[in-house]
Amino acid sequence: MNVGAPLPRSFFERDARVVARALVGAHLIRRIRGRGRKSEQGEVVARIVETEAYRGPRDAACHARFGLTPRTRALFGPPGHAYVFLIYGMYDCFNVTCLEEGKGHAVLVRAVEPIAGFGKRVRTDGPGRLTRALAITRAEFDGIDLCSVGSLSIAAPRERSKVETSARVGVAYAGAIAEAPWRFFDARSAHVSRPSRRMIGLGETR
DNA sequence: TTATCGATGGTA
DNA sequence: ACCATCGATAAA
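The paragraphs below set out a description of the structure included in this document. If you're wondering where the values come from, they're calculated on a predicted model, not measured in any experiment. (Residues numbered from 1 in each chain as written. Chains lettered and ligands numbered in written order. Predicted model: local features only at pLDDT ≥ 70, side-chain atom pairs only at ≥ 80, totals over all residues. Heavy atoms only, no water.)

Here we look at the protein's contact with DNA strand C
- By nearness alone, 19 residues border DNA strand C, and Asn95, Arg129, Arg132, Gly170 and Tyr173 come closest of all.
- Expressed as a percentage, the sugar and phosphate content of the atoms of DNA strand C within 4 Å of the protein is 58%.
- At a separation of 3.3 Å, a phosphate oxygen of DNA strand C approaches a polar backbone atom of proline 127.
- Here a phosphate oxygen of DNA strand C sits 2.6 Å away from a polar atom, N or O, in the side chain of arginine 132.
- Elements with a contribution of two residues or more to the surface near DNA strand C: β3 (82-87), β4 (91-98), β5 (105-116) and α3 (127-134). (Near = heavy atom within 4 Å. Polar contact = N/O pair within 3.5 Å; in protein donor to acceptor, adjacent residues only side chain to side chain. Helix = DSSP H or I, 4+ residues; strand = E, 2+ residues; numbered from the N terminus.)

Some remarks on the environment of arginine 33
- Residue placement: arginine 33 occurs in the loop between β1 (27-31) and β2 (43-55).
- Take arginine 33: its relative accessible area is 82%, and that puts it in the exposed class.
- Distance from arginine 33 to glutamate 43, taken between C-alpha atoms, is 8.8 Å for residues ten residues apart in sequence. (Buried < 20%, exposed > 50% of the residue type's maximum accessible area, 1.4 Å probe, protein only.)

Section: α3
- Every buried residue belonging to α3 is among Pro127, Gly128, Leu130, Thr131 and Leu134, and all of these are buried. All buried residues of α3 fall inside an arc of 165° around its axis, so they share one side.
- Packed against the buried residues of α3 are β1, β2, β4 and β5.
- Phi for alanine 135, located one or two positions after α3, is positive at around 55°. (Arc of directions from axis to C-beta. Contact = heavy atoms within 4.5 Å.)

Quick word on the nonpolar core
- The biggest cluster of nonpolar side chains holds 34 residues, and the ones touching the most others in it are Phe12, Leu23, Leu28, Phe94 and Ile154.
- Those elements that provide at least two residues to this core are α1 (9-12), α2 (16-23), β2, β3, β4, β5, α3 and β6 (152-155).
- Within the second largest apolar cluster, 15 residues are counted, among which are Tyr54, Ala61, Phe76 and Ala106. (Core = buried A, V, L, I, M, F, W, Y, C linked by side-chain atoms within 4.5 Å.)

Digging into the side chain of serine 193
- Relative to the helices and strands, serine 193 is located in the loop between β8 (183-186) and α5 (194-200).
- We classify serine 193 as buried; its relative accessible area is 4%.
- Of note is the side chain of serine 193, whose polar atom sits 2.8 Å from the side chain of glutamate 50.
- Here serine 193 is in contact with Glu50, Arg110, Ala111, Asp125, Gly126 and Arg183, once residues within four sequence places are set aside.

Given below as structure tokens:
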């Protein structure tokens with residue numbers, strides 16, 4: 001498939017809110033060695049349809065609130081890199097670091113739409129499901145650079161998406177900041193996560 | 001369709 | 001003792 005070049009570092013050198021909105025519609029490209037035909041070797045492509053912005057130490061929902069720890073090393077690292085963490089003991093969550101080294105900004109990718117290279121039908125709505133579908137693990141991907149052609153990169157959107165916003169999911173513990181409209185999703189996609197589908201008005205069809 | 005609950009393990 | 005989740009199950 002004709003995938004674009006990786007988004008440049010400058011794309012990610014902005015506030016997480018800006019990057020989160022801009023990433024809706026972008027293509028996530030996962031290359032797996034030794035899988036698929038030689039011409040498009042193991043290239044799995046998915047369209048990002050839902051994201052959330054996490055905005056550093058002063059954001060009570062952001063992991064950066066604990067400061068620099070072994071886990072948040074990548075989160076506080078340079079922009080345009082992956083921050084992958086384990087949640088609930090069994091799911092990996094994929095984030096892209098933003099803004100500037102030391103700021104602790106990142107965008108959580110919460111749902112993607114399968115485009116190419118998926119063998120069987122798999123669900124990719126939900127942060128834990130998409131990492132499983134794309135084989136993105138913390139052991140392999142935490143801290144890697146996303147701005148070069150490699151096992152994981154992101155290409156610019158092809159068309160403009162209709163982006164809607166809402167409060168972030170599962171962060172009620174954070175207090176008032178939990179109400180901030182820092183979730184961004186494609187209002188026309190059937191592959192957004194469950195809470196987003198409800199807002200769009202699509203029924204619970206799966 | 002919504003609600004509830006258990007799995008599971010790193011992290012603070 | 002939490003927790004940026006998911007899948008199974010029950011109830012309606």
